[in-house]
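# Coordinate analysis (summary)
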There are 2 protein chains.
Amino acid sequence: MVKKIFDSILGKSPARNEEDYMELDLASYEGSNEEEPASMYIKIATIADLKDTPRVKDEVYNGNIVIVDIGRLKMDKVTFERVLKDLRDVAKDVNGDIVGLGEQKYVLITPMSVKVSREKIGGGL
Amino acid sequence: MVKKIFDSILGKSPARNEEDYMELDLASYEGSNEEEPASMYIKIATIADLKDTPRVKDEVYNGNIVIVDIGRLKMDKVTFERVLKDLRDVAKDVNGDIVGLGEQKYVLITPMSVKVSREKIGGGL
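Residue positions are given per chain, counting from 1 as you read along its sequence in written order. Here every chain gets a letter starting at A, and every ligand a number starting at 1, in the order they are written. Local features in this predicted model are restricted to residues of pLDDT 70 or higher, and side-chain atom pairs are both shown and tallied only at a pLDDT of 80 or more, whereas totals for entire chains, interfaces and linings draw on every residue. Water and hydrogen atoms were dropped before computing side-chain values, which therefore reflect all heavy atoms in the structure.

As a further point, take the pairing of strand β1 (residues 40–46) of chain B. On any regular strand, side chains alternate: one points to one face of the sheet, the next to the other face. Only protein chains enter the accessibility calculation, which uses a 1.4 Å probe; a residue is then buried when its area is under 20% of its type maximum, exposed when over 50%, and partly exposed in between. By definition, any uninterrupted DSSP run of H or I lasting at least four residues is a helix, any uninterrupted run of E lasting at least two residues is a strand, and each is numbered from the N terminus. Among the 7 residues that make up β1(B), 6 are buried, leaving the element largely enclosed by the rest of the structure. Pairing between two strands is assigned when DSSP locates at least 2 bridges connecting them. Summarising the sheet, strand β5 (residues 114–116) of chain A and β1(B) pair through 3 bridges and their orientation is parallel. In the strand pairing of β1(B), K115(A) is matched with Y41(B). Note that β1(B) and strand β2 (residues 65–69) of chain B share 5 bridges and pair parallel. Each residue of the ladder has a partner; that of T46(B), found in β2(B), is D69(B).

Right, here's the structure in full:
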């Protein structure tokens, strides 16, 4: 599903999902100027098994932020714990940060000097 | 639910959700050294209506990344479109970036020099 959205961003296919409340064309709101250089990237990753972790770790060591979809790991507690331990070690190693997001579907890992605020904004909560 | 997880991070309550496949204690993997200064923060926000947008915009103008939960806006297409237009304008204004994430439940907005990679990592896709 995430793939579908990113395909949509990339223009590969329309992001239509019959389960949605209404058809949303978020892609039309999205913008980026990919020609311009960036000092930092946010990378979107999926970890489905142990072999996916090295690339995520490399990105954090390279100074990038990674949002990891760990939804598929929930079925396998042993792999889940091992992957999460690995990721936590990386965050600690680079003096970054790591938090869960969205009903533990995502883990957000940051490089040095980037922290995740624990104070939530808005939503009347 | 996001609140529950963040409460858990903050140590307010245990993150237990009977609907999960198994009990995950992600909080035990999370770490941050909040005493140390950060050059950039990632803020987690919920936009439930128009009054929530100014704080999100302020954060981006202040050089922070914001992950906005827009799940509640899906019910109201007019507000959704207005909020998304606002956020896109901010990203454009600061030469940042904006993308949808997780079945359009989240929008990721970045400040200047931070871009979201459209190339997805891992997951065998």
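The nonpolar core is taken to be a set of buried Ala, Val, Leu, Ile, Met, Phe, Trp, Tyr and Cys residues, with the residues joined through side-chain atoms within 4.5 Å. Core analysis: the biggest nonpolar cluster contains 22 residues, and I67(A), L108(A), I67(B) and L108(B) have the highest contact counts within it. Ignoring anything within four residues of it in the chain, the contact list for I67(A) reads I42(A), K43(A), I44(A), A45(A), Y106(A), V107(A), L108(A), I67(B), L101(B) and L108(B). Throughout, a residue-residue contact means that at least one pair of heavy atoms, one from each residue, lies within 4.5 Å.

Let's shift gears to the sheet that holds strand β3 (residues 97–101) of chain B. Pairing is mixed in the open sheet, where 5 strands are placed in the order β5(A)-β1(B)-β2(B)-β4(B)-β3(B). Lying at the two open borders of the sheet, with one neighbouring strand each, are β5 of chain A together with β3 of chain B. Going from strand to strand, the sheet's axes swing by 20° on average, the running direction of each strand aside. Where helix α2 (residues 53–61) of chain B meets the sheet, it contacts β1, β2 and β4 (106–110) of chain B, and its direction lies at approximately 155° from that of β2(B). To define axes, lines are fitted to C-alpha atoms, for helices over the stretch in contact only, and angles between the resulting N-to-C directions are given on a 0 to 180 degree scale. Along the sheet face, helix α3 (residues 77–93) of chain B touches β3 and β4 of chain B and points at about 140° away from the line of β3(B).

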